[in-house]
Each structure stands twice: as C-alpha cells, then as structure tokens.
Amino acid sequence: MSPTMKVAIVTGAGTGVGRAAALALSRENYAVALAGRRTHLLEDTARLADDWGGTMLVVPSDITDPESVSQLFATTRDAFGRLDLLFNNAGLAAPAVPLEDLTVDQWQQVVDVNLTGTFLTLREGAKAMKGKPWGRLIAIASTAGLKGYPYVAPYAAAKHGVVGMVKSVALELVRKGITAN
C-alpha cells in the first residue's frame, strides 16, 4: 500500500450502490475493505478493481453481529493500519406486503440490518477514527424509505432512525475531528 493511499470500509460492497462506491473509491486511490455477507459477490467486486490495480480486501461480515463488526474493523486495521472513511451502505427491505401480513421476524430483520447494523458500524468507525485528523463516516439513508411508500414501513422506520442517529452522531463527533453524514 502506498503511503498516500487512504483507507475505506464499504458495507454492502457486493452489489449495487456499495459496489459502485467501492470501485469509485478504489479509482480515487483508496484501499477498500469490502464488507458483506456473500463472499463470492465481494470477490467479484474486488476482481473489477484489478483493471486499474486497485487494492481491495474481502472481509465477509454480518453487520447485525457486534463481534463480526469488530472483526471487520480489526481486519482492516491489521491490513492497512488506519481508516479514513466508512461508507455505511448495507441495507435490507422487507417483502412488499400489507402491514397486517408483515411478521415480527421480517420487521426485526430489516431494523437489525438497516438501523442496528448502522449503529454498530458507526460505533466501531468512531473508535477507529478517534483522535485522528482524517476521519469521515457516511451512513446511507435511501430517499425511497424517507418519502413514505406503501408496504415499506420497516424500511422507512429504520431509515428515518438512521437519519436521526447520524444527525446526533455528527454533532457529537465533530468535536473529535470526525465528520458524519
């Protein structure tokens, strides 16, 4: 890793916005730890960066598990020695069913991934960046969940929670030199 290279963790890096963000960061000279549940998709993302010699680290992770999140950050620190940016992208939607047909397990799974998972990664990111002059935390809250559509109650509730949490975290961490958006 070159001394000028920055380091990022991207959750949900196997597909969609997470993959695009990981690749864009890699093109901007970031070493990127790719986090997600499906190893083969993370490996696919890493292979795409081979075209320009990107530095990618595949770290299978479950952001709903505090130990897995801690291990993600420890593995990144061991490999790259620092963390400059956390791109918190992992998310999950419930089945598009009427509220009365939504199970508690379906609700809980969406809240666990979208809200609790974001909390766990923000917490570890804040620990990793504390006292460093370069930290940036980014938590993604899709605008689809914020506008309010039918059949997305758990997703919308979790994403509204993410917005409130990040606003609070931003006010807290700015005094420590860490930006949260």
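Notes on the structure in this doc start here. On a predicted model such as this, the values are computed, not experimentally measured, just so you know. (Residues numbered from 1 in each chain as written. Predicted model: local features only at pLDDT ≥ 70, side-chain atom pairs only at ≥ 80, totals over all residues. Heavy atoms only, no water.)

Examining the overall build of the protein
Applicable threshold: Each helix is a run of DSSP H or I of at least 4 residues and each strand a run of E of at least 2, with the numbering of both proceeding from the N terminus. With the radius of gyration taken over C-alpha atoms, the globule rule is written as 2.2 Å times the number of residues to the power 0.38. Only protein chains enter the accessibility calculation, which uses a 1.4 Å probe; a residue is then buried when its area is under 20% of its type maximum, exposed when over 50%, and partly exposed in between. Contact criterion: two residues are considered in contact whenever any of their non-hydrogen atoms come within 4.5 Å of each other. Charged-residue counts in this description rest on Lys and Arg as positive and Asp and Glu as negative, His and the chain ends being excluded. Charge positions come from single atoms, namely NZ of Lys, CZ of Arg, CG of Asp or CD of Glu.
Within the protein one finds six helices and six strands. Along the protein, helices (α) and strands (β) appear in the sequence β-α-β-α-β-α-β-α-β-α-α-β when read from the amino end. Its C-alpha radius of gyration of 16 Å places the protein within 12% of the 16 Å reference for a compact globule of 181 residues. Principal-axis analysis of the C-alpha atoms gives the protein an extent of 55 × 40 × 30 Å. Classification of the 181 residues of the protein by burial places 44% in the buried group. Put simply, of all contacts in the protein between residues at least 6 apart along the chain, 66% involve residues at least 24 apart. One finds the centroid of the 18 positive side-chain charges in the protein at a distance of 10 Å from the centroid of its 16 negative side-chain charges.

A look at the environment of Asp78
One can find Asp78 in helix 3 (residues 66–80). We classify Asp78 as exposed; its relative accessible area is 62%. With 27 residues separating them along the chain, Asp78 and Asp51 place their C-alpha atoms 25 Å apart.

Let's talk about the pattern of salt bridges
Convention followed: The working definition used for a salt bridge is a side-chain nitrogen of Lys or Arg within 4 Å of a carboxyl oxygen of Asp or Glu.
Per the stated rule, a full pass over the model turns up three salt bridges. Arg47 is the partner of Asp44 in a salt bridge, and the nearest nitrogen-oxygen pair spans 2.4 Å. Placement of both Asp44 and Arg47 in helix 2 (residues 39–48) is noted, with a separation of three residues, approximately one turn of the helix. Given the relative accessible area of 28%, Asp44 is considered partly exposed. Taking the relative accessible area as the measure of exposure, Arg47 reaches 48% and is therefore partly exposed. Notably, a salt bridge pairs Asp84 with Arg82, separated by 2.4 Å at the nearest N-O pair.

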